[in-house]
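Results of the structural survey
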Amino acid sequence: QRLFRESKSEDNPWKQYMREIPCPTCHGELLCPEARYTTIMGYRLPELTQMSIDRLQDWIFSLQGLLSENQKDKAGEVLQEIQTRIANLLQVGLTYLTLCRTAPTLSGGELQRVRLSSQLGSDLIGLTYILDEPSIGLHPRDHHLMIDTVRNLRDKGNTVIVVEHDRDTMLSADYIIDIGPGAGVHGGEVVTAGTVEEVKENSLSSTGRYLKGENACNSSNQKTPHEWMTLKGCTSNNLKNVDARFPLHVMCCITGVSGSGKSSLVFGTLIPALEEAIQHQRNSSKSYRSFEGYETINGFVQMDQSPIGKSSRSTPATYIGVFDAIRALYAKQPKALECGISESHFSFNSKDGQCPVCEGQGRIKIAFQYMADHYVTCEECKGSRYQESVLEVLYKGKNIAEVLRMDISEALSFFTDVPDILPKLLLMEEVGLSYLKLGQSVATLSGGEAQRLKLAKELGGKQKKHMLYILDEPTTGLHFQDIEKLLLIFRKLVDAGHTLYIIEHNTDIIRASDWIVDIGPEGGTGGGKIVAAGNPEKIKKNPASITGRYL
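Now for a description of the structure that goes with this document. (Residues numbered from 1 in each chain as written. Predicted model: local features only at pLDDT ≥ 70, side-chain atom pairs only at ≥ 80, totals over all residues. Heavy atoms only, no water.)

Structural notes on the environment of K485
- Tracing the backbone through its elements, the reader meets K485 in helix α20 (residues 480-495).
- A relative accessible area of 33% places K485 in the partly exposed class.
- Spatially, the C-alpha atom of K485 lies 42 Å from that of I125, the residues being 360 residues apart in sequence.
- Residues contacting K485, with those up to four places away along its chain left out, are E429 and E430. (Helix = DSSP H or I, 4+ residues; strand = E, 2+ residues; numbered from the N terminus. Buried < 20%, exposed > 50% of the residue type's maximum accessible area, 1.4 Å probe, protein only. Contact = heavy atoms within 4.5 Å.)

Now the structure itself:
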């Protein structure tokens, strides 16, 4: 207990010997006995919070007919409020959630839609709502619910600005501003702005070509699986004791409507099973009966959208390991050899070369007592992070601080003749991250960017014979052009004999996969079964599969 409390590490090593259990006094119902045992028409409050939103709505409606006039007078306003809020949650497609779910168990898209539903209840007008990819984590079937919600806000007299890559959302917009034409230094201009039709007709706009349907992703050269891995009796969260077969040496998509049980199957069951089988970790709460067919896998990598690291010192260059080669190159320059400046001087984490005032951060933190911390540029090094003597060493006329300020596409042309540096930068471009700066903090990356950076690092490292890659919505924040690049990488991995399992809602990726496991049919308690499994052609023809209809 003491070691667990005192451990500072992110993944606490003592967690594997512990598991959470419901409180023995209240059995996980949180309340004191008086509150727990107060009933309305035979129901206690904890029982109501464990109902899904759509069931709760039915109960509230049935209550109307059971209350006496006196009770209705007392509870009328409260019931009206409850009905309005339930209706708002239903409108954003969260029928399957229960009110007792804690915020950390919700996906990013679900959390955003809960916040959106709270705005629907307010009758405010003249507001500007700014949404960042509200379609994340939404099955194509539920997109119209989110689009209707946004229209509802607009029709009340508000302005809604949406940053989005989803085709359906773009087609529903009143006005589109397309920024580009490329990323990073190649972007930053308004390519076109206008109605959907005007954007479609603009030959310069790659978004317009996508909306016209000209650039459909190529889904040829699909593989037929011959080897399988089997998980039997999966019961995590809402899974209904399912037996799941996963193909090996192919690209397999796990699909289904929001809340159907995809994450429960992959992250709640498959990954703990792999940890136990391959890494020999103890698993205290087993949610499956048996696991077989994993013997040929040499290792597995889980790439979700969790941040890469909490340290503000970590950068894309240090994360993928290209910074070591850049430092080595600078240490070989005549000026460095003459002044006795070694590789360690070019590291902003080393006392040898870092600015002594900001300790290589480039900025200084000012802590406020009641407000967020504020950062100011370091007066000594003017944000360069280094001592003056280190900055005097130049390569092609640029010092190390200027290199860190370059984005990947600039760095590619700058280091085009350096064989130690070029391949890792090319990998960053391949995964669609050419606009990132080499020295920006990884804390500033979005979930999708963090996931693709992990992918670039993995591709650049020494790979084992048969690796299993597990990805969670890798298309988050990606334009369709970048999705095509990502598909090429996935194919490259499969052709090298590896296996990919991808939780995904993007139809381009699903269509290009070799095998699909479709979970559903609905979200929450209405899901948790394998509705269909097979190649995309087979899924398209399966009437039970909702995903098939959208393919």
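So, next bit.
Notes on the packing of aromatic side chains
- Enumeration over the complete set of coordinates arrives at 12 aromatic pairs.
- Geometrically, the ring pair formed by F348 and Y386 is edge-to-face, given 6.5 Å between the ring centres and 75 degrees between the ring planes. You can see F348 sitting in the loop between α14 (334-339) and β12 (363-366) and its partner Y386 sitting in the loop between β13 (374-377) and α15 (388-391), a full 38 residues away along the chain. Each member of the pair, F348 together with Y386, is buried.
- Seen in terms of ring centroids, Y395 and F414 are 5.7 Å apart; in terms of plane orientation they differ by 90 degrees. Their pairing is edge-to-face. Of this pair, Y395 sits in the loop between α15 and α16 (400-404) while F414 is found in helix α17 (residues 408-414), placing the two residues 19 residues apart along the sequence. (Phe/Tyr/Trp six-rings, centres within 6.5 Å; stacked < 30°, edge-to-face > 60°.)

So, the pattern of salt bridges
- If you walk through the whole model with that rule in mind, you get 19 salt bridges.
- Its salt-bridge partner being R2, residue E6 comes within 3.3 Å of it at the nearest N-O pair. Placement of both E6 and R2 in helix α1 (residues 2-6) is noted, with a separation of four residues, approximately one turn of the helix.
- You can call E6 partly exposed: its relative accessible area is 46%.
- Between D148 and R151 there is a salt bridge, with its nearest N and O atoms 4.0 Å apart. Note that D148 and R151 are positioned in helix α7 (residues 143-155) at a spacing of three residues, about one turn of the helix.
- Under the relative-accessibility criterion, R151 is labelled partly exposed at 34%.
- Residues joined by salt bridges that share partners form a network here, namely E29, R36, R44 and E47. (Salt bridge = Lys/Arg side-chain N within 4 Å of Asp/Glu carboxyl O.)

Quick look at the packing of helix α18 (residues 422-430) against helix α19 (residues 447-460)
- In the contact formed by α18 and α19, the axes pass within 9 Å of each other and the chain directions differ by 140 degrees. Every pair of crossing elements has a handedness; the one defined by α18 and α19 is right-handed. Residues K424, L427 and M428 of α18 form the contact with α19, whose own contacting residues are L453, A456, L459 and G460.
- The residue inventory of the contact of α18 with α19, partitioned by class, reads five nonpolar, one polar and one charged. (Axes fitted to C-alpha atoms, helices over the stretch in contact; angles between N-to-C directions. Left-handed = near helix turned anticlockwise from the far one by under 90°. Nonpolar A, V, L, I, M, F, W, Y, C, P; charged D, E, K, R; others polar.)

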